[in-house]
Amino acid sequence: MSFTGTPSDTFAALTFDQKLDRLAEVSVKIGLNLQPGQQLVLTAPTEAIPLVRRITAHAYKAGAKLVTCFYSDDEAVLARYLHAPDESFDYAAEWYHDAIATAFRSGAARMGITGSNPALLAGQDAGKVSRANIAASKASKAGLEIITRHEINWTIVACATPAWAALVFPQDEPTVALGKLWDAIFFASRITSADPVTEWQAHGAVLKARVDQLNSSRYHSLRFYTADGKTDLTVGLADQHLWAGGGTHAGNGVYCQPNIPTEECFTTPHRDRVNGVVTASKPLSHQGTLIENICCVFTDGKIVQATATAGEAALRKLIAVDDGASHLGEVALVPFHSPIAQSGILFWNTLFDENAASHIALGQAYSTCLIGGETMSLADLAKRGANESLIHVDWMIGSAAMSVDGITAAGKAEPLMRAGDWV
Ligand code: ZN
Ligand code: ZN
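This section reports on the structure supplied with the text. Computed from a predicted structure; not experimentally measured. (Residues numbered from 1 in each chain as written. Chains lettered and ligands numbered in written order. Predicted model: local features only at pLDDT ≥ 70, side-chain atom pairs only at ≥ 80, totals over all residues. Heavy atoms only, no water.)

A few words on the pairing of strand 14 (residues 295–299). Only one face of strand 14 is covered, namely the face carrying Cys296 and Phe298; the face carrying Cys295, Val297 and Thr299 is uncovered. In terms of strand pairing, strand 14 meets strand 15 (residues 302–307) through five bridges, oriented antiparallel. Along strand 15, the bridge assignment pairs Cys295 with Thr307. Hairpin connection from strand 14 to strand 15: two residues lie between these consecutive antiparallel strands, with Asp300 at a positive phi of about 45°. (Buried < 20%, exposed > 50% of the residue type's maximum accessible area, 1.4 Å probe, protein only. Helix = DSSP H or I, 4+ residues; strand = E, 2+ residues; numbered from the N terminus. Pairing = 2+ DSSP bridges.)

Moving on, we get to the pattern of salt bridges. Applying the stated criterion to the full structure yields 20 salt bridges. Here Asp272 and Arg271 are joined by a salt bridge, their closest N and O atoms 3.3 Å apart. Exposure remark for Asp272: the relative accessible area of 37% places this residue in the partly exposed category. On the basis of relative accessible area, Arg271 is assigned to the buried category, the value being 18%. (Salt bridge = Lys/Arg side-chain N within 4 Å of Asp/Glu carboxyl O.)

Counted as a void, the second largest pocket has a volume near 400 Å³. Residue lining of the second largest pocket: 20 residues in total, with Trp243, Ala244, Gly247, Thr248 and His249 positioned closest to the centre. Looking at the lining of the second largest pocket, the elements that each hand over two or more residues are helix 10 (196–217), strand 7 (244–245) and strand 8 (248–249). Considering every element that reaches the lining of the second largest pocket, the biggest residue donor is helix 10, with five residues. (1 Å grid on protein atoms, 1.4 Å probe; cavity = no way out; pocket = protein on both sides within 12 Å on 5 of 7 lines; lining within 4 Å. Points joined across faces, edges and corners; volume = space filled by probe spheres on them.)

Core analysis: the biggest nonpolar cluster contains 50 residues, and Leu40, Ile55, Ile113, Leu181 and Ile185 have the highest contact counts within it. Taken together, domain 1 (9–188) and domain 2 (217–245 + 265–422) each give at least three residues to this core, which thus spans both. Filtering out sequence-adjacent residues up to four positions away, Ile55 remains in contact with Ala24, Ser27, Val28, Leu40, Leu42, Met111 and Ile113. Tyr219, Val278, Leu362 and Leu416 belong to the second-largest nonpolar core, a separate cluster that totals 43 residues. (Core = buried A, V, L, I, M, F, W, Y, C linked by side-chain atoms within 4.5 Å. Domains from an automatic or database assignment. Contact = heavy atoms within 4.5 Å.)

Structure (structure tokens):
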């Protein structure tokens, strides 16, 4: 593992608890920009308790009215697959998702802590996994819509866990692997400089300049291609699409950073104007199943052929969830020389891997990536080409071999990326 950036001496000299506290502080102040009087709803794996306690403390110091955390436990999730009756898998705790949506509507901020074992369900029945995911997606739809419309300030941060670390660093002893994963998270989350708040502001400004440039170009479509022909995909952009990246002004007026880390500029593709072939550049870890070497052919926006060398059953189940699951809802550009890509680590976690490479997402589009989209009806969003689905799953297509052209309405190709980096 080698990083191009070196943590400052001051960061290296901190104890682990101080580093954890720095991550907690940045997630509350930069990620959420939590406002005095706001409630905060957290979800986290049980291994994240030390991080959650620090986040909770910083949230109250920022003036939070009440902080509530819902924990999930990998072992308990697995117990369901091993012992629950079959009908369990078509059920989700609606009351729980309703409560979270109610909290959002009453002005709460939302923080998700990711860190569960990405391979937890790899050996379980793909049908049960898919049914449970569909049930959960349906139950959480109302709350998720508030998130995808950015009505409230929200963010996702990561917590290293032993099972996740073992997957990322299989060669190492458990404690060494855990330490390495923490170091990678701290580095990728841009909290290792002497002044992370200022660094985040500068990083946000760079992303914003790129977003402004893409927005003023008004491309009709993007073409992704590699010399070996494994990818040659034209992604039409939705009518009156908007590029986004870095921070977001949420509907409640709060400026937040929805992902820590974030390196992407993203927008909404047109659901019916995607054509060609695309090959994933990294494996996809989806709800506990690892899907490797995905290759899809798109015709008029829809996947007409999908293969994978591992996890193909899970891939097929995923794109069959509903009509929108076989269409794109996001396209994102990430330079191959982002700090995360430079680390050379495959994280098996979308929050990190999607910020290491350009990517596309199957399923639900972000209405905020359309001019005036936040207040548009579902029918109007669809007219602009925005996709609707119960799922939103990102997978990586960018690499050092990737070229990207912006295609103007007149059909002229302008180079955007070469060898995986901005031109
Ligand atoms: Zn993305
Ligand atoms: Zn996405």
